[in-house]
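Structural overview for review
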Amino acid sequence: MTRKVIKAAPKKTTMKKAIPSDIDTQAGYVRIEDAPLLPPPPSEVGVTGWLYKNIFASMSDFGSVAAALKSVFVAASTLFILYFLITQISGLLDFAIFSAVWSDPEGLKRQACWTVEQGGALPNGWHAACWPFIEAKAKFIFYGAYPNDDLWRVNLTYALGGFMLAWVMIERLPYRKIVGILLLTVYPVMATVLLTGGAFSISTGTIGVATILGLALITIGRLGKAGYVSGAFGDLTMVAGVCGWLVILFAAVLAVFAIDFDLEAIDTRDWGGLLITLVVAITGIVASLPLGILLALGRRSEMPVARFLCTVFIEFWRGVPLITVLFMASVMLPLFMPEGVNFDMLLRALIGVTLFSAAYMAEVVRGGLQAIDKGQYEGADAVGLSYWQSMRLIILPQALTHVIPGIVNTFIGLFKDTALVSIVGIFDLLGAAQSTLADAAWSTPVQGLTGYLVVAVIFFVFCFGMSRYSMFMERKLNRSHKS
Amino acid sequence: MAQPQNTAEQSIDQKTIVSMRNVNKWFGQFHVLRDINLSVDKGERIVVCGPSGSGKSTLIRCLNRLEKHQDGDIFVHGIELNNDVKNIDEIRREVGMVFQHFNLFPHLSILENCMLAPIWVRKTPRAEAEEIAMHFLTRVKIPEQASKYPGQLSGGQQQRVAIARALCMQPQLMLFDEPTSALDPEMIKEVLDTMVELADDGMTMICVTHEMGFARRVADRVIFMDEGQIVEQNEPEAFFNNPQSDRTKLFLSQILGH
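This is a predicted model, so every value here is computed, not measured.

What follows covers the overall build of chain B. A tally of regular secondary structure across chain B gives nine helices and 10 strands. The C-alpha atoms of chain B give a radius of gyration of 18 Å, which matches the 18 Å a tight globule of 258 residues would have. Projected onto its principal axes, the C-alpha coordinates of chain B cover approximately 50 × 50 × 35 Å. Looking at chain B as a whole, 57% of its 258 residues are labelled buried. Across chain B, the fraction of contacts at a sequence separation of at least 24, relative to all contacts at a separation of at least 6, is 65%. Counting only carbon and sulfur atoms, one obtains 47% of the accessible surface of chain B, whose full area is about 11200 Å². Counting 27 positive and 35 negative side-chain charges, chain B places the centres of these two groups 2 Å from one another.

As a further point, take the side chain of threonine 277 of chain A. All names here are of chain A. Along the polypeptide, threonine 277 turns up in helix α8 (residues 274-299). Overall, threonine 277 belongs to the buried group, its relative accessible area being 1%. Not counting chain neighbours up to four residues away, the residues in contact with threonine 277 comprise Phe415, Thr418, Asp428, Leu429 and Phe459.

Once rolled over the atoms, a probe with the size of a water molecule shows which space is left empty. Here the structure, examined in full by the defined rule, presents four cavities of 30 Å³ or more. For the largest cavity, the calculated volume is near 60 Å³. Contributions of two or more residues to the lining of the largest cavity are made by α12 (374-382) of chain A together with β6 (95-98) and α5 (155-167) of chain B. Among the elements that make up the lining of the largest cavity, the one with the highest residue count is β6 of chain B (three residues).

All names here are of chain B. Strand order in the open sheet formed by four strands is β2-β1-β4-β5, and the pairing between neighbours is antiparallel. Pairing within the sheet leaves two strands with one partner each, and these edge strands are β2 (30-41) and β5 (79-80). Two elements, strand β1 (residues 16-27) and strand β4 (residues 71-76), share five bridges in a ladder whose sense is antiparallel. Across the sheet, valine 18 pairs through a bridge with valine 76, a residue of β4.

A separate point is the interface of chain B and chain A. Taken together, the contact pairs 23 residues of chain B with 21 residues of chain A. Of the roughly 2000 Å² buried at the junction of chain B and chain A (both faces included), carbon and sulfur atoms supply 60%. Of all residues in chain B, Arg92, His107 and Trp120 of chain B bury the most surface against chain A, accounting for 29% of the area lost on that side. Residue glutamate 378 of chain A is joined to arginine 61 of chain B by a salt bridge in which the shortest nitrogen-to-oxygen separation is 2.6 Å. There are five residue pairs in polar contact (both at pLDDT 80 or more) connecting chain B and chain A. At the level of secondary structure, the elements contributing two or more residues to the side of chain B that touches chain A comprise β6 and α3 (110-120) of chain B. Among the residues making up the side of chain B that touches chain A, the classes are represented as 14 nonpolar, five polar and four charged.

All names here are of chain B. Spatial strand order, β6-β7-β8-β3-β9-β10: six strands in an open sheet with mixed pairing. Bordering the open sheet on either side are β6 and β10 (229-234), each of which pairs with just one other strand. Strand-to-strand twist across the sheet, computed as the mean angle between neighbouring axes with direction ignored, equals 20°. As judged from the four bridges shared by strand β3 (residues 45-49) and strand β9 (residues 221-226), these two strands associate in the parallel manner. Considered in β9, the bridge of valine 48 is made with isoleucine 223. The strands that helix α2 (residues 85-94) touches are β6 and β7 (173-177); relative to β6, the one it contacts most, it runs at about 65°.

With that out of the way, let us pick up the confidence of the model for chain A. Summary statistics for chain A give a mean pLDDT of 85 and a share of 90% for residues scoring 70 or more. Within chain A, the lowest mean pLDDT, 80, falls on helix α1 (residues 46-55) of chain A, and the highest, 95, falls on helix α9 (residues 304-319) of chain A.

All names here are of chain B. On inspection of all chains with the given rule, the structure shows 26 salt bridges over all chains. A salt bridge links arginine 221 to glutamate 44, with the nearest nitrogen and oxygen atoms 2.8 Å apart. Placement of arginine 221 in strand β9 and of glutamate 44 in the loop between β2 and β3 is noted, with a sequence separation of 177 residues between them. Pair check on accessibility: arginine 221 and glutamate 44 agree, each one buried. Arginine 160 is the salt-bridge partner of glutamate 190, the closest N and O atoms lying 3.0 Å from each other. Of the two residues, glutamate 190 is situated in helix α6 (residues 185-200) and arginine 160 in helix α5; the sequence distance between them amounts to 30 residues.

Residues and elements named next belong to chain B. Most of strand β8 (residues 204-208) is tucked away, with five of its five residues classed as buried. Burial along β8 is two-sided: the face carrying Thr204, Ile206 and Val208 and the face carrying Met205 and Cys207 are both buried. Sheet topology places β3 next to β8; four bridges connect them, and they run parallel. From the neighbouring strand, isoleucine 46 faces β8, where its bridge partner is isoleucine 206. Where β7 lies against β8, five bridges are found, and the strand directions are parallel. Residue pairing across strands places leucine 175 opposite isoleucine 206, the latter belonging to β8. This β-α-β element, β7 to α6 to β8, shows right-handed connectivity.

Here we come to the packing of helix α4 (residues 151-169) of chain A against helix α5 (residues 176-196) of chain A. Helix-helix packing is characterised by the crossing angle of the two axes and by the distance between the axes. Residues and elements named next belong to chain A. Interhelical geometry of α4 versus α5 gives an angle of 170° and a closest axis separation of 10 Å. The orientation of α4 with respect to α5, classified from their angle, is roughly antiparallel. Per-class residue counts for the contact of α4 with α5 are 19 nonpolar, four polar and two charged.

Attention now goes to the nonpolar core. Counting 57 residues, the largest nonpolar core has Tyr146, Trp271, Leu369, Leu385 and Ile394 of chain A as its most contacted members. For this core, the leading source of residues is helix α11 (residues 345-371) of chain A, giving 11 residues. Beyond its immediate stretch of four places on either side in the chain, tyrosine 146 of chain A contacts Lys139, Leu151, Arg153, Val154, Leu194, Leu195, Ile266, Asp270, Trp271 and Leu275 of chain A. Judged by nonpolar contacts, the second largest core, of 52 residues, contains Phe102, Val191, Val222 and Phe240 of chain B.

Let's shift gears to the state of the cysteines. Residues and elements named next belong to chain A. Under the criterion given, the structure shown has one disulfide over all chains. With a sulfur-sulfur separation of 1.8 Å, cysteine 113 is cross-linked through a disulfide to cysteine 130. Measuring the twist about the S-S bond at about 75°, one finds the cysteine 113-cysteine 130 disulfide to be right-handed. With a gap of 17 residues between them, cysteine 113 in the loop between α2 (65-98) and α3 (131-143) and cysteine 130 in the loop between α2 and α3 connect regions that are remote in the sequence. The class of cysteine 113 is buried, set by a relative accessible area of 1%.

What follows concerns the packing of α9 of chain A against α11 of chain A. All names here are of chain A. Between α9 and α11, the shortest axis-to-axis distance is 9 Å and the interhelical angle comes to 115°. When the interaxial angle is binned, α9 and α11 end up roughly perpendicular. The two elements α9 and α11 meet at a crossing, and its hand is left-handed. Contacts between α9 and α11 involve Phe313, Ile314, Trp317 and Arg318 from the first element and Gly352, Leu355, Phe356, Ala359, Tyr360, Ala362 and Glu363 from the second. Tallied by class, the residues present in the contact of α9 with α11 amount to eight nonpolar, one polar and two charged.

Rules of the game
- Residues numbered from 1 in each chain as written.
- Chains lettered and ligands numbered in written order.
- Predicted model: local features only at pLDDT ≥ 70, side-chain atom pairs only at ≥ 80, totals over all residues.
- Heavy atoms only, no water.
- Helix = DSSP H or I, 4+ residues; strand = E, 2+ residues; numbered from the N terminus.
- Rg over C-alpha atoms; globule rule 2.2 N^0.38 Å.
- Buried < 20%, exposed > 50% of the residue type's maximum accessible area, 1.4 Å probe, protein only.
- Contact = heavy atoms within 4.5 Å.
- Areas by Shrake-Rupley, 256 points an atom, 1.4 Å probe, with all protein chains shown as cover.
- Lys, Arg positive; Asp, Glu negative; His and termini not counted.
- Charge placed at Lys NZ, Arg CZ, Asp CG, Glu CD.
- 1 Å grid on protein atoms, 1.4 Å probe; cavity = no way out; pocket = protein on both sides within 12 Å on 5 of 7 lines; lining within 4 Å.
- Points joined across faces, edges and corners; volume = space filled by probe spheres on them.
- Pairing = 2+ DSSP bridges.
- Buried area = accessible area lost by both parts, 1.4 Å probe.
- Salt bridge = Lys/Arg side-chain N within 4 Å of Asp/Glu carboxyl O.
- Polar contact = N/O pair within 3.5 Å; in protein donor to acceptor, adjacent residues only side chain to side chain.
- Nonpolar A, V, L, I, M, F, W, Y, C, P; charged D, E, K, R; others polar.
- Axes fitted to C-alpha atoms, helices over the stretch in contact; angles between N-to-C directions.
- pLDDT = per-residue confidence, 0-100.
- Right-handed = clockwise from strand over helix to strand, strands pointing away.
- Parallel < 35°, antiparallel > 145°, perpendicular 65-115°, else oblique.
- Core = buried A, V, L, I, M, F, W, Y, C linked by side-chain atoms within 4.5 Å.
- Disulfide = S-S within 2.5 Å.
- Left-handed = near helix turned anticlockwise from the far one by under 90°.

In structure tokens:
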């Protein structure tokens, strides 16, 4: 574009109004009437505006041959990408929906999905999903070897969890906070009892000891608060008080686990499929976030011991692959345990996954903490907030909002990493689907594709759902504090 | 100037708000505060001025433990400022601070910014805290902005909110760290007017600022600092019209010249 030289004063000949005689146009410039507010050109608003900004964005200049060629190239590549997308998506839809076999009324099993050449009824060259196979295997893929009579327990757990989660997520509903707290405390205990059957053999002695220990720690904490303990021990009493409440909570949980609700005990070895994936992923996600936050705060703490311990923990768990962690937990841990103590396999996997994920989460949160302006810490200190108060009310809300993309990223990665538990013999969603592929009664050329397609869709639904919800959270939180 | 407390008891001297004796501070090798002796009575308005790097901000930040001093004593409202967390917390409750860059909490509304400290530090019930917050927001003349967020306000308004936030804790002492240095000239006046009103109402304040007009109008004492030491302090008229030290004369010629 050629530059136009803009003159400061308009020439006399272009002025349309008569100039009052007392204004000296040679000395400067005085505006007599406001410049008109004009409507925008088509390239800014409306459909044409959208076209200009999105399709023709790099094609605004048709002034030279090079620019014209560039425009043609951009248009051609847009068309090519569109073509590619349309063919691939239509191919996928055709495979999954339009050409797929949906029912097997005569119970032919694999024959229902065979072409004429192979001995079935479908035309040659047919290649699409065989849904009766999934229908037959659905129970195994979703529940594993869970006894059929007790599937209601799994469904109840899902329904309850989904209901409470939806309650917490929908803005307009009241008591969201209370439901949220129940979801994090009461629901896991209930879910464990429902799924395993409860009635663990915990002696009342253990529960009694735990209760007494908890009460003792709480008393120490109270004494410290009232001022009977001074100096450095004062901080320890606060820690003791908090630990005391945790121990009491633990004792309460043990008590609930010991109750016999008359449910059939189901070993975790019988769980499988989507049930395992959800249990491992959700436990890992929910437990690793608070643990990761504490580790991040510890790593940034001024106390050298806390900083050292947190750094060692984080670097160790980030330094080993998850598959090694699971392997070690399943194979090597029993060697170190005393004779007869049998740690549940699934529990071992849960602990390994949680600790592993907490280390990653800690670094993500630490990035957020570093990004907060030092003035925020100072402002919180200056009004007299304590360390934990300023963290809870000022710093962490801002830090966590900043790193939502990182946190959700870690969550989604964890969800997919749960597939690794198959290495220690636990049948997750992928493992269950893979084992169904070995069934010869359903052997067709599309058996594998159909199975993997289902697994892929289920993973995609969960991961994309998490991703979308995080976008929603980000937009909501940004609205509140950016101008 | 009143004598600072000599006893180690916590008897609160109602008259002396700040007492600094032979205070020294180092940032690593750099000796940033040298032999500071300062005493501030209740109701006194002090303006601290000096070239950048002279330690004025560090001086007032030492008063609420945003910086730690390595030598000498500091007593705020009779409480000794040392490593004891209880003392620091008590002092911070009695000292309000206004920062150059406001340091408002962007994720909370204006009202919540002001209510936060009374609720969580003084354990005031929510309704009462809201009343107090609205009272002080009205005092700084922006009650209508209460439900907005800091990002939606202009710089002058944000700084006035910061002043209201500090006032909501009803402190004995207000510290101002270059409150108008980050503001456009049009907004400086509204903030200075608020500070003048505050001063006229009898608030004890120590203000680090370059606004010499404000100093003349409001200060009981002007302190000039250079290279970490208090070079000269005097009443405003004497300070501006008859500076004693050469360094003071040089500084005044630079700052009042333009």
